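So you can see what is in the structure, the chains are spelled out below.
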Amino acid sequence: REIIGQIANKQEIQEADLARAVDEAVRGALSQFDRANKLGLVTFYRDRPTRRINEEALLAKQKLHVLEISLNTMRDIGPVEWSACKAEEVQVILLDPYYPDIRSPYSKALAVQRDHEEDQPIGTILGEIHRVLLRFPTEWFTPSEPRVKLAQTMPTLSYFRIDDSAYVSHYVHKQVGDAT
């Protein structure tokens, strides 16, 4: 009450109006948390739990689904480690770094757009995608059942589904994806 009174005095807002606004905001936040909890939200992390995601991904038994721009988070996992992943279903979707056609004078590749958004040198994301693709087992690229695909649209979130768990993080303007 004391803090609300101080804020109200400084901004010439009626204490009752401010208290009502704070009360509504808190009830709204609790309601959102309750809905998320009912959907199975267990917790949230302030920083990306990269190590945990990497370890769990390699131990997946049923499903490993990944939607990322470059998957730079997993840049240290090599072909032998990926081959040891025994998940029944593996789907990795990364940004197609050449889409749309970078030779066109009227378009800018989505990877270049994201480099600008992250304040990184042009070609950073392109290089990350190339390096990560080289680390996957060659059998993951079979034409009949590819496990790795390139998306011709900009992902707006980073998503890892590992068996019954999911890790989700939004991409933020002016922030490198791994930092969210």
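Located above this text is the structure these notes cover.
Computed from a predicted structure; not experimentally measured. (Residues numbered from 1 in each chain as written. Predicted model: local features only at pLDDT ≥ 70, side-chain atom pairs only at ≥ 80, totals over all residues. Heavy atoms only, no water.)

Now for the overall build of the chain. Helix and strand content of the chain: 6 helices and 5 strands. In the chain, the succession of α and β elements from N to C terminus is α-α-α-β-α-β-α-α-β-β-β. The proportion of buried residues among the 180 residues of the chain is 33%. Taking as baseline every contact in the chain between residues at least 6 positions apart, the subset at least 24 positions apart corresponds to 66%. (Helix = DSSP H or I, 4+ residues; strand = E, 2+ residues; numbered from the N terminus. Buried < 20%, exposed > 50% of the residue type's maximum accessible area, 1.4 Å probe, protein only. Contact = heavy atoms within 4.5 Å.)

Scanning all chains against the criterion turns up 5 salt bridges. Put simply, E56 and R52 hold a salt bridge, and the shortest N to O gap is 2.9 Å. Taken together, the residues span about one helical turn, with E56 and R52 both in helix α3 (residues 50–59) at a distance of 4 residues. The partner of E117 in a salt bridge is R114, with the nearest N and O atoms 3.0 Å apart. Here E117 and its partner R114 are both found in helix α5 (residues 110–117), 3 residues apart, which amounts to about one turn of the helix. (Salt bridge = Lys/Arg side-chain N within 4 Å of Asp/Glu carboxyl O.)

Moving on, we come to the environment of D163. Note on placement: D163 falls in the loop between β4 (157–162) and β5 (165–170). Put simply, D163 and A57 are 106 residues apart on the chain and 8.7 Å apart in space, counted from C-alpha to C-alpha. If we ignore the near neighbours within four places in the chain, the residues touching D163 are A60, K61, Q62 and K63.

Looking at α5, one finds that the buried residues are L110, A111, R114, D115 and E117. Buried positions in α5, seen along its axis, are confined to an arc of 160° and lie on one side of it. Its buried side turned inward, α5 meets β2 (89–95) and α6 (124–135). Following α5 by one or two positions, D119 has its phi on the positive side, about 55°. (Arc of directions from axis to C-beta.)

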